[in-house]
Amino acid sequence: MLKEIREALAGIDVRVAEPLKNYTYTKVGGPADYLAFPRNRFELKRLVTLANKHDIPWIVLGNASNVIVRDGGIRGMVIMIDRLKTTVIDGYVMEVEAGANLKEVTKIARDHSLTGFEFAAGIPGSVGGAVFMNAGAYGGEIAHLLVSAQVLTREGQIQTLDASDLSFGYRQSALQRTGDIVLSAKFALKPGDYCLIKQEMERLNHLRDLKQPLAYPSCGSVFKRPVGHFAGQLITAANLKGHRIGGVEVSEKHAGFMINVDCGTAKDYENLIAHVIRTVEKHSDITLEPEVRIIGDPS
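These numbers come from a predicted model, not from an experiment. (Residues numbered from 1 in each chain as written. Predicted model: local features only at pLDDT ≥ 70, side-chain atom pairs only at ≥ 80, totals over all residues. Heavy atoms only, no water.)

## A short note on the sheet that holds strand β16 (residues 244-245)
Alright, step 1. The strand order β15-β18-β17-β16 describes an open sheet built from four strands, whose pairing is antiparallel. Each edge of the open sheet is held by one strand with a lone partner, namely β15 (218-221) and β16.
Alright, step 2. For β15 and strand β18 (residues 257-260), the ladder comprises two bridges, and the chain directions are antiparallel. Residue pairing for β18: Ser218 is matched across the bridge by Ile259. (Pairing = 2+ DSSP bridges. Helix = DSSP H or I, 4+ residues; strand = E, 2+ residues; numbered from the N terminus.)

## Notes on the packing of aromatic side chains
Alright, step 1. With the rule as written, the count across this model stands at three aromatic pairs.
Alright, step 2. A ring pair is formed by Tyr23 and Phe37, whose centres lie 5.7 Å apart and whose planes are at 50°; its orientation type is tilted. Of this pair, Tyr23 sits in the loop between β1 (13-19) and β2 (31-37) while Phe37 sits in strand β2, and the two are 14 residues apart along the sequence.
Alright, step 3. According to the relative accessible area criterion, Tyr23 is partly exposed, its value standing at 21%.
Alright, step 4. Plain terms: the ring middles of Phe117 and Phe119 are 6.3 Å apart, the flat faces sit at 35° to each other, and that makes the pair tilted.
Alright, step 5. Directly above the aromatic system of Trp58 lies the positively charged group of Arg154, at a separation of 3.7 Å from the ring centroid. (Phe/Tyr/Trp six-rings, centres within 6.5 Å; stacked < 30°, edge-to-face > 60°. Buried < 20%, exposed > 50% of the residue type's maximum accessible area, 1.4 Å probe, protein only. Lys NZ or Arg CZ within 6 Å of the ring centre and 35° of its normal.)

## A short note on the environment of Thr106
Alright, step 1. Within the fold, Thr106 resides in helix α3 (residues 102-111).
Alright, step 2. Its relative accessible area of 1% is what places Thr106 among the buried residues.
Alright, step 3. Spatially, the C-alpha atoms of Thr106 and Met201 are 8.7 Å apart, while their sequence positions differ by 95 residues.
Alright, step 4. Once you skip the residues sitting within four places of it in the chain, Thr106 turns out to touch Phe117, Ala120, Ala121 and Met201. (Contact = heavy atoms within 4.5 Å.)

## Digging into helix α8 (residues 266-284)
Alright, step 1. Between its first and last C-alpha, α8 extends 27 Å over 19 residues, near the 27 Å set by a 1.5 Å rise per residue.
Alright, step 2. Among the residues of α8, those classed as buried are Ala266, Asp268, Tyr269, Leu272, Ile273, Val276, Ile277 and Val280. The buried residues of α8 all sit within an arc of 165° when viewed along its axis, so they share a single face. Among the exposed residues of α8, those pointing more than 90 degrees away from its buried face are Arg278 and Lys282. (Expected span 1.5 Å × (residues − 1). Arc of directions from axis to C-beta.)

## Let's talk about the side chain of Asp180
Alright, step 1. Among the secondary structure elements, Asp180 is positioned in the loop between α5 (175-178) and β13 (181-188).
Alright, step 2. It is Arg154 that comes nearest to the buried, bridge-free Asp180 among opposite-charge side chains, at 6.9 Å. (Lys, Arg positive; Asp, Glu negative; His and termini not counted. Salt bridge = Lys/Arg side-chain N within 4 Å of Asp/Glu carboxyl O.)

Written as structure tokens, this is what we have:
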């Protein structure tokens, strides 16, 4: 099977039994059976077509920023699309490939004096992941800007979906249900003043530096915001700041983050998440819902 896969995918960077902790923002995660790095959508389609032909399970990751990969790794094929990052600007519209880093995209918008993307200046995810999760911060979200997205279906077909087709909600989109993979996204921005855009991005990044534990590996914000509350405040009220399981702890700087401080594992993350949910529910009678995706096999 391995020989046939390598022959069929000649020219594509495919690695075998590759530890995913080398690629995740949490620095945890066991090996993928196959880890592939397509350079364009045609190589991506080749990978999906071959995986479907041989009944190999497959999953696509952008830059693995808001995900916890379990210690047992992932069976089948993991496709990293961070090399698909071309950006094209036509007037006030940006079309961006799914693997592009969202922070870098906001800088491109700034440099073209296009406003609307300032809220995302410090979000570390990929464009595809941002559309998938309807990423947002500081009052803005992807749904406010998206015009359409090109997707690759689970069957390997390329389709264009309008933003209205994606059923956006708070950290939700229809893609979470369909499994379609974003290839590129088209955003409608507005003309703005370069200096004002730059100032706003710097202001928001300064707020992030003050509030978020950016010096440690983490998966970003762990929980969705409960209606009428903030997850970090509920966790703080439950006296959980600094609580540690294994090598992972609730950040002292921002309780909505869990940081890998000492060779933590995915199991440490899962156990800490479960403990926080139980403790907050007991303290405030509110059940926190994880925002982070947890995927893969237990150890």
